[in-house]
Amino acid sequence: MSDDEIEGTVRDLTRFGEGVVKTEQGAVFAPGTLPGERVAVGNVRKRGKALRASRVRILDSSGQRVDPPCPIVGRCGGCPLMIATRPLQEKFKRGLLQQALDGLPGADEVALGWVGTKESLGYRRRARLSWTRSPAGLRLGYHPPRSDKVADVRACAVLHPTLDRGYRAVRRALDRHLVDHGELHLAAGAGDRPVAALRSEEPQPPEVYRELEQLVEDGRLAGAALRCGGAATDATWGDPRERRVGVDGEPLVGTVAGFSQAHDTVNRALVGRVIELASPAKRHVLELFSGAGNLTVALAREAATLLAIEQDEAAAEACRENLRARGLDATVRTDDAESYRAPERPDVVVLDPPRTGAPGAMRRILRLEPSVVVYVSCDPPTLGRDLKVLVNGGYTATDAIGLDMFPQTAHLECVVRLER
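Residues numbered from 1 in each chain as written. Predicted model: local features only at pLDDT ≥ 70, side-chain atom pairs only at ≥ 80, totals over all residues. Heavy atoms only, no water.

**Examining the packing of helix α3 (residues 161–174) against helix α4 (residues 206–217)**
Okay, step 1: The interhelical angle for the contact between α3 and α4, taken along N-to-C directions, is 145 degrees, at an axis separation of 10 Å. The two elements α3 and α4 cross, and the hand of that crossing is right-handed. Residues Ala169, Val170, Ala173 and Leu174 of α3 form the contact with α4, whose own contacting residues are Val208, Glu211, Leu212 and Leu215.
Okay, step 2: Residues belonging to the contact of α3 with α4 are distributed by class as follows: seven nonpolar, no polar and one charged. (Axes fitted to C-alpha atoms, helices over the stretch in contact; angles between N-to-C directions. Helix = DSSP H or I, 4+ residues; strand = E, 2+ residues; numbered from the N terminus. Left-handed = near helix turned anticlockwise from the far one by under 90°. Contact = heavy atoms within 4.5 Å. Nonpolar A, V, L, I, M, F, W, Y, C, P; charged D, E, K, R; others polar.)

Have a look at this one:
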């Protein structure tokens with residue numbers, strides 16, 4: 001053991017998938033470790049209120065450790081659980097769901113469910129990467145946790161083959177041309193070909209425009225979009241909107257660089273569970289944060305009335321387009337889900353807010369007093385915070401389901417049903 005190393009035992013994992021190492025100096029957070037392992041941690045520094053190690057040696061490994069299929073798993077930070085067996089990943093994520101419910105009255109009576117998947121590699125149908133240019137060259141990849149640096153990624157094991165082809169094509173074409181810094185959004189587009197959208201605060205050279213045009217003309221991308229240098233709109237080639245097959249087998253149009261669920265198989269289960277828990281048949285339904293209509297088109301098939309609220313105009317218009325294509329009747333309003341005015345009291349509220357949750361929406365839901373609330377969340381801590389508001393306001397959680405939408409990562413999708 002080197003002079004600056006400290007030995008300890010991993011007692012638990014944080015919600016970000018880091019090991020919590022018990023040492024003589026206190027708890028040290030160490031990536032790439034698993035519960036029960038004996039480790040030596042080095043380069044321990046206090047960051048904020050916590051001790052964190054950037055160097056780890058495994059002295060006694062866990063029987064739940066596996067060889068990761070990605071050579072940069074310890075550097076990019078995107079898949080911290082890729083070193084763990086699938087049963088350990090499931091145990092960890094079930095724990096995240098339970099933590100969201102802890103402290104709620106009657107939490108022990110909530111019916112807990114789980115949706116796993118065998119597709120743990122090559123599943124991701126959307127991705128957001130970053131780039132930065134330095135004298136050493138272009139770095140294009142992901143941000144490790146708590147870092148503003150970019151971990152260079154040449155290939156990503158969890159990208160769907162469609163996106164992987166698009167990523168490689170974009171990287172080869174733009175490697176010498178992108179400047180400063182920005183973001184690259186990848187998704188599936190028309191004809192199951194990839195689409196790419198680039199965003200940068202800095203102007204990009206003409207070569208970037210020409211290469212994106214060529215990628216679309218050659219058919220390597222279904223569409224591309226570039227917004228940079230303070231421009232208010234995108235320069236576009238082809239159709240850069242996301243296009244996927246909806247859970248009903250019909251096309252579902254998305255937006256440029258917009259939100260969608262990452263895993264097709266798990267998303268089908270998600271929509272099915274939401275409909276099962278909401279029971280929208282012949283009821284008045286309010287949907288908040290409806291996006292491009294992933295849940296909306298399923299709710300509209302059964303609801304007596306459906307009002308969908310979405311603040312982003314492009315997403316709201318995509319939602320309307322998806323409803324029209326199916327001949328479904330619903331009202332989609334471009335409005336803030338935390339300050340809208342509902343024309344009537346709904347029987348059911350379904351919401352799928354961003355990672356930050358929806359504290360304002362909770363207060364409005366309490367005033368509307370729907371019989372049932374179905375909350376879809378990608379962040380258990382903010383879910384737990386919002387559930388407490390509803391429970392304190394007279395609701396009881398009846399069902400909670402964890403869905404492994406992001407295998408290999410520390411992220412979890414959840415659905416919770418509450419009734420008044």
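More follows now that the structure is in view.
**Topic: the sheet that holds strand β9 (residues 151–152)**
Okay, step 1: Judged by pairing direction, the sheet is mixed, and its seven strands sit side by side in the order β9-β8-β7-β10-β11-β12-β13 without closing on themselves. With one partner strand each, in any of the chains shown, β9 and β13 (235–238) form the two edges of the open sheet.
Okay, step 2: Summarising the sheet, strand β7 (residues 126–134) and strand β8 (residues 137–142) pair through five bridges and their orientation is antiparallel. Within the sheet, the bridge partner assigned to Ser134 lies in β8 and is Gly137.
Okay, step 3: Here α4 sits on the sheet in contact with β11 (194–200), β12 (223–228) and β13, set at roughly 165 degrees to β12. (Pairing = 2+ DSSP bridges.)

**Quick word on the environment of Ala231**
Okay, step 1: Take Ala231: it is sitting in the loop between β12 and β13.
Okay, step 2: Residue Ala231 is classed as partly exposed on the basis of its relative accessible area, which comes to 38%.
Okay, step 3: Residues Ala231 and Glu201, spaced 30 residues apart in sequence, show a C-alpha to C-alpha distance of 8.7 Å. (Buried < 20%, exposed > 50% of the residue type's maximum accessible area, 1.4 Å probe, protein only.)

**Thoughts on empty space enclosed by the protein**
With a probe scaled to a water molecule rolled over the atoms, the places where space remains empty come into view.
Okay, step 1: Under the definition given, this model contains two cavities of 30 Å³ or more.
Okay, step 2: Size it by volume and the largest cavity reaches roughly 110 Å³.
Okay, step 3: Among the secondary structure elements, those contributing two or more residues to the lining of the largest cavity are β7, β10 (181–188) and β11.
Okay, step 4: Partitioning the lining of the largest cavity into residue classes produces eight nonpolar, three polar and three charged.
Okay, step 5: Lining of the second largest cavity is provided by Cys70, Ile72, Cys76, Cys79, Met82, Tyr142, Val153, Ala155, Cys156, Ala157 and Val158.
Okay, step 6: Of the residues that constitute the lining of the second largest cavity, the class distribution is 11 nonpolar, no polar and no charged. (1 Å grid on protein atoms, 1.4 Å probe; cavity = no way out; pocket = protein on both sides within 12 Å on 5 of 7 lines; lining within 4 Å. Points joined across faces, edges and corners; volume = space filled by probe spheres on them.)

**Here we look at the nonpolar core**
Across soluble globular proteins, nonpolar side chains show a tendency to be buried alongside one another.
Okay, step 1: Among the nonpolar cores identified, the biggest contains 72 residues, and Leu184 and Leu212 are the most heavily contacted of them.
Okay, step 2: With seven residues, helix α5 (residues 264–278) is the single largest residue contributor to this core.
Okay, step 3: Apart from residues lying up to four places away in sequence, Leu184 is in contact with Ala127, Arg128, Leu129, Trp131, Leu140, Tyr167, Val170, Ala196, Ala197 and Leu198.
Okay, step 4: Membership of the second largest hydrophobic core comes to 39 residues, among which are Leu13, Leu81, Leu104 and Ile309. (Core = buried A, V, L, I, M, F, W, Y, C linked by side-chain atoms within 4.5 Å.)

**Thoughts on the side chain of Thr398**
Okay, step 1: By secondary structure assignment, the location of Thr398 is in strand β21 (residues 396–403).
Okay, step 2: Given a relative accessible area of 18%, Thr398 falls into the buried group.
Okay, step 3: A polar atom in the side chain of Thr398 sits 2.7 Å from the side chain of Asp399.
Okay, step 4: With residues near it in sequence (within four places) discarded, Thr398 still touches Val110, Ala111, Arg417, Leu418 and Glu419. (Polar contact = N/O pair within 3.5 Å; in protein donor to acceptor, adjacent residues only side chain to side chain.)

**Regarding unusual backbone geometry**
Trans peptide bonds make up the majority, and among non-glycine residues the majority have a negative phi.
Okay, step 1: Within the chain, Ser279 stands out as a residue other than glycine whose phi angle is a positive 45 degrees.
Okay, step 2: Mapped onto the elements, Ser279 comes out in the loop between α5 and β16 (284–288).
Okay, step 3: Of note, the phi angle at Glu369 is positive, near 55 degrees, even though the residue is not glycine.
Okay, step 4: On the secondary structure map, Glu369 appears in the loop between α8 (359–368) and β20 (372–377).

**Some thoughts on the pattern of salt bridges**
Okay, step 1: Counted under the stated rule, the structure contains 36 salt bridges.
Okay, step 2: With its nearest N and O atoms 2.9 Å apart, the salt bridge here joins Asp164 to Arg168. With Asp164 and Arg168 both in helix α3 and four residues apart, the pair spans about one turn of that helix.
Okay, step 3: For Asp164, a relative accessible area of 16% translates into the label buried.
Okay, step 4: Connected via shared salt-bridge partners are Arg125, Asp192, Glu242, Arg244 and Asp264. (Salt bridge = Lys/Arg side-chain N within 4 Å of Asp/Glu carboxyl O.)

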